[in-house]
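Listed below, chain by chain, are the residues.
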Amino acid sequence: MEKNTKSEVQSRLSKEGRASRNRYPMKFGFIFLLAVCVLCFMLFNKDVSDQNSCMSTRKACILKELKITNRSVTPIATITPINTITPLRPTEPASTCSFHSASPENATEVNLLKESIAWPETPSVPPGFSLNDTSDPTHSTFTILPRRGGGSWHVGDQLEVLIKVSDFGGRPRKSGGDLLYARLQNRAVFAGVAGKVFDHRNGSYTAVFSLLWEGDAQVEVTLVHPGEAVTVLERLTQEQPDRIYFRSIFRSGSIKESTTCNVCLKAPKQKLCNYTDLHTGEPWFCYKPEKLNCDTRITHSKGGFRQRVKPMEQQLFKSGVNMKVSIPASGPSSINILPELKGGKNENMKTGPAGYYYHGVWRTLDGTTVRQFNNATAISQCLKGKVLHLYGDSTIRQWFEYLTSTTPDLKMFDLKSPKQTGPFMALDYKNNILVTFRCHGPPIRFSNLLVSQMRYIASELKGLVGGTNTVVVIGIWSHFSTFPVEVYIRRLLSIRRAVRQLLTRAPGTLVIIRTANPKMLTLSETLTNSDWFSIQRDKILRAIFKGVNVKLLDAWEMCLAHHLPHSLHPQPPIIKNMIDVVLSHTCPPGESFKGAIKQSKKKLKSRLGPHKKATMQSKSISSAMSTTTEMPTNSSDDGVIH
């Protein structure tokens, strides 16, 4: 009995234990579930608050998203709306950059600039197009229109020339978009002025000239590109913005690798080295080397050019056929210009040329007196006590080379720099002159440029003290020709911002901006550096610096108006005139050569004595600062032609 009772008790306790064990999981499971629900509720509320915060402070939300790792990040300029997901297509690699990006604060200005360079509609170039249907310079003609009001031509009048373009079959063109140059010349007196061409978009054009000298004036009209060629060039930029590519060498010890670089590369960011400049925001990327890290990059060089033009399209870029070929006149090609009428109406401002050549000397029409600095003494006295900083491409390097070759006291200081890339420095210790050259940052098609020596112009300007004895010259255009215009606009906007900051802290600083210039064209040169690309960038540069306290050196008109052939690097007579303009801004009349005359007087006193000073002074100064054979009659005795 006791045994059975004991057994029942044990059985009952065993059942209660099992029941108790079954209740514990249920109890604690309920508590765990409740905790999870509370946590989810809190996270949901935080996410909602974050989204509300993002709606009000978009930038803060973007910055927060950028901190998330192991996730593809959309660039700020193309952030999609909240709750909108745009997955990457499988065939399109992730990218962290864009050739067309613009900061939000500059978006409006960028759009206006792009509208300002809109080209007239050009003919399409279908796969089976015929060259016979395109513009032919030999079948095209120009006609000098009669003077408005009749009578003879006079200085101050405006000359109009009608241009009619036809195809290779002699049929008149019905569309516009051809690129044409017009120039007025008198080779006998080395005179020339560029004309302005207006496109009527129906196959006819009008060239307008200001008549600025007496005597003969010969009209010259040139077909640079037919409209179909412009169509191809425009398509190249849209479809192949990276057709010029670059290379960088990475090195560590005995390991050396080379990868491709550019303004933008299509690849996930983990496969790229990002060298975007922290100060200017200028983007630059290289593919990561396989073995080395991004910090081992040592050089920058032009890599090459990917030419993707169809064989038939290449026929649109043939020298002597349809590229930079003269258009003949249908009648007289020249006029005779009589002296300006007294009290006559001056129509120069209708065409507004920047200047013109006469006796081989450039004369500006903006009120600047261009003086002639024809020897080392004149140049040295102008630059005495000054610092001249030259920033840009090889067309600016030309100026450094000109100054050092024509001014013996300006000695090159050997910085062990490559001849093409620089940086360079020249010193005239006696006259306290410093001249420097530094090339602009990438994209730049130089070879073996050390990364440690690469600088952006805006960054260089930030480090300048500036002042009344500082001259800054900037020329940047040629190396941006193959990229979408947004790349060039972004660069110029950063330079403009730096220029304004420099002029704010040092108002006496002189800043001179050099424009682009036309060049000789071949097929390969055209596809990378066509004058059509240069014209667009030239217009953008002028618009961006309009209203800024800088001097514009119009290299475009100085080359177009000159009789010498076009060249990327203008020939010495043109360079000499450009330097004269720079020095004329540096040493304006009335203050540049007082020191030179005083210096000459002191030398005369010591050499000749007081009794010979009066008779020899003028002659000695003139011989010390002699002028060239091509010069106006109003030369002075201070070594400068006014």
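Structure: see above.
Residues numbered from 1 in each chain as written. Predicted model: local features only at pLDDT ≥ 70, side-chain atom pairs only at ≥ 80, totals over all residues. Heavy atoms only, no water.

Trainee: What exactly am I supposed to notice about the pattern of salt bridges here?
Mentor: Opposite charge on two side chains permits pairing when their charged atoms draw close. Summed over all chains, the structure comprises 23 salt bridges. Across the pair Arg496 and Glu109 runs a salt bridge whose closest N-O atoms are separated by 2.9 Å. Taken together, the positions of Arg496 in helix α10 (residues 485–505) and Glu109 in helix α3 (residues 107–116) put the pair 387 residues apart, joining distant regions of the chain. On the basis of relative accessibility, which here comes to 11%, the residue Arg496 falls in the buried class. Judged by its relative accessible area of 23%, Glu109 falls in the partly exposed class. Of the charged contacts in the structure, one is a salt bridge between Lys576 and Asp580, with a shortest N-O distance of 2.7 Å. Separated by four residues within a single helix, Lys576 and Asp580 lie in helix α14 (residues 572–586), roughly one turn from each other. Judged on exposure class, the residue Lys576 and its partner Asp580 are both buried. If you follow the salt bridges from partner to partner, you end up with Asp133, Asp167 and Arg171 in one network. (Salt bridge = Lys/Arg side-chain N within 4 Å of Asp/Glu carboxyl O. Helix = DSSP H or I, 4+ residues; strand = E, 2+ residues; numbered from the N terminus. Buried < 20%, exposed > 50% of the residue type's maximum accessible area, 1.4 Å probe, protein only.)

Trainee: What should I look at first to understand the sheet that holds strand β18 (residues 387–392) in this one?
Mentor: Strand order in this open sheet of seven strands is β19-β20-β21-β18-β23-β24-β25, and the pairing throughout is mixed. If you trace the sheet from one side to the other, it starts and ends with β19 (411–413) and β25 (551–553), each paired once. Taken pair by pair, the neighbouring strands of this sheet meet at an average axis angle of 20 degrees, ignoring direction. Bridge count between β19 and strand β20 (residues 424–428): three bridges; the pairing is antiparallel. By the bridge assignment for β20, Met412 is matched with Ala426. Here α14 sits on the sheet and contacts β23 (470–475), β24 (510–514) and β25; the angle it forms with β24, its principal contact strand, is near 160 degrees. (Pairing = 2+ DSSP bridges. Axes fitted to C-alpha atoms, helices over the stretch in contact; angles between N-to-C directions. Contact = heavy atoms within 4.5 Å.)

Trainee: It is not clear to me how the nonpolar core should be interpreted in this structure. Could you clarify?
Mentor: A general trend in soluble globular proteins is that nonpolar side chains are found buried together. One finds Leu461, Ile474, Leu492, Ile495, Val499, Val511 and Phe545 to be the most contacted residues of the largest nonpolar core, which totals 74 residues. Tallying contributions element by element places α10 first for this core, with 11 residues. Residues within four places of Leu492 in sequence aside, it is in contact with Ile476, Ile540, Leu541, Ile544 and Phe545. Counting residues in each nonpolar core, the second largest holds 44 residues, with Tyr357, Ile396, Trp399 and Phe424 among its members. (Core = buried A, V, L, I, M, F, W, Y, C linked by side-chain atoms within 4.5 Å.)

Trainee: I tried to follow the environment of Ile117 on my own but got confused; where do I start?
Mentor: Relative to the assigned elements, Ile117 resides in the loop between α3 and β1 (135–144). Expressed as a C-alpha distance, the spacing of Ile117 and Val485, which sit 368 residues apart in the sequence, is 9.9 Å. Not counting residues within four places of it along the chain, the set of residues in contact with Ile117 comprises Val485, Gln536, Lys539 and Ile540.

Without other data, these values stay purely geometric and don't point to any function.
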